[in-house]
Amino acid sequence: MTIIFVFLFSWSISSPAVKPVYDDDTMVDFLIEYLSIKYSSIEFNDFLYVAAKRQKLFHIKNKAIVATYDISTSKKGLGNQQGTFCTPSGLHEIADKAGANLAEGSILKNKLPTGEIASVITASKSSGEDLVTTRILHLRGLEENVNRGGENDSYSRGIFIHGTHEEGLLGTPASKGCVRMANRDVAELFEKVEVGTFVVILNN
């Protein structure tokens, strides 16, 4: 059953010759079925789904998409090892939050505000900087030896969902491992999710 599901889910998303036959409701049904099989002890009632291939973040609550955001995951793809600058895959949770009540575009270092405001770039180009702006959701991996522990530990790698000044690159892989969002979007999401909220990152 698991193999059939993964095949259908992957094929419907990635096949270039055939128009996808799913809608958002079908995607959510497939996703929750997959998660309930892979993580059978967990109930996914309110969680974030990072779809790396689509460069989208979905906030899913009570089996429905309540918000969709353009994002940027790593330009090096998915990977869990320290030093790869890849975005880690698998099951995570929000370990802590930083930046409450800061102005949009506020720059944070070590999860603390510097007092500076970034100039947002709306063109599709890189500034060469990887600024963390507005809000931070710091992720902790929940899968031992996958994204938790040793060189694969997402928390010690400093994997965040955060705002970026390079908003023109959202929708394309552009980060150094984190999940980037528009400043207004991350401020909105910050208010909607709590510490402990599950975050699933998959390459589909």
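Structure: above.
Now for a description of the structure that goes with this document. (Residues numbered from 1 in each chain as written. Predicted model: local features only at pLDDT ≥ 70, side-chain atom pairs only at ≥ 80, totals over all residues. Heavy atoms only, no water.)

## Quick notes on the pairing of strand E2 (residues 56–61)
Which entries qualify depends on this criterion: Only strands that DSSP links by at least two bridges are regarded as paired with each other. Strands here mean DSSP runs of E at least two residues long; helices mean DSSP runs of H or I at least four residues long; both are numbered from the N terminus.
Both strand E1 (residues 46–51) and E2 contribute to a ladder of six bridges, which runs antiparallel. Its bridge partner being in E2, Asp-46 is matched across the sheet by Lys-61. Connecting E1 to the antiparallel partner E2 that follows it, the hairpin turn spans four residues, and Gln-55 within it adopts a positive phi of roughly 55 degrees. Direction of pairing for E2 relative to strand E3 (residues 64–72): antiparallel, over a ladder of six bridges. Along E3, the bridge assignment pairs Ile-60 with Ile-65. Hairpin connection between E2 and E3: a loop of two residues separates the two successive antiparallel strands, and Asn-62 in this loop has a positive phi of roughly 55 degrees.

## Concerning the pattern of salt bridges
Rules: Salt-bridge detection follows one rule: a side-chain nitrogen of Lys or Arg within 4 Å of a carboxyl oxygen of Asp or Glu. The cut-offs for exposure are 20% and 50% of the maximum accessible area for each residue type, with area from a 1.4 Å probe on protein chains only; residues under the lower value are buried, those over the upper are exposed, and the others partly exposed.
Within this structure, the stated rule accounts for seven salt bridges. The partner of Lys-56 in a salt bridge is Asp-70, and the shortest N-O contact between them spans 2.5 Å. Here the residue Lys-56 occupies a position in strand E2, and Asp-70 occupies one in strand E3, the gap between them amounting to 14 residues. For Lys-192, the salt bridge goes to Glu-188, with nearest N and O atoms at 3.4 Å. Of this pair, Lys-192 and Glu-188 are both found in helix H4 (residues 183–192), four residues apart, which corresponds to roughly one turn of the helix. The exposure class assigned to Lys-192 is partly exposed, which follows from its relative accessible area of 39%. Relative accessible area serves as the criterion here: at 37%, Glu-188 is assigned to the partly exposed category.

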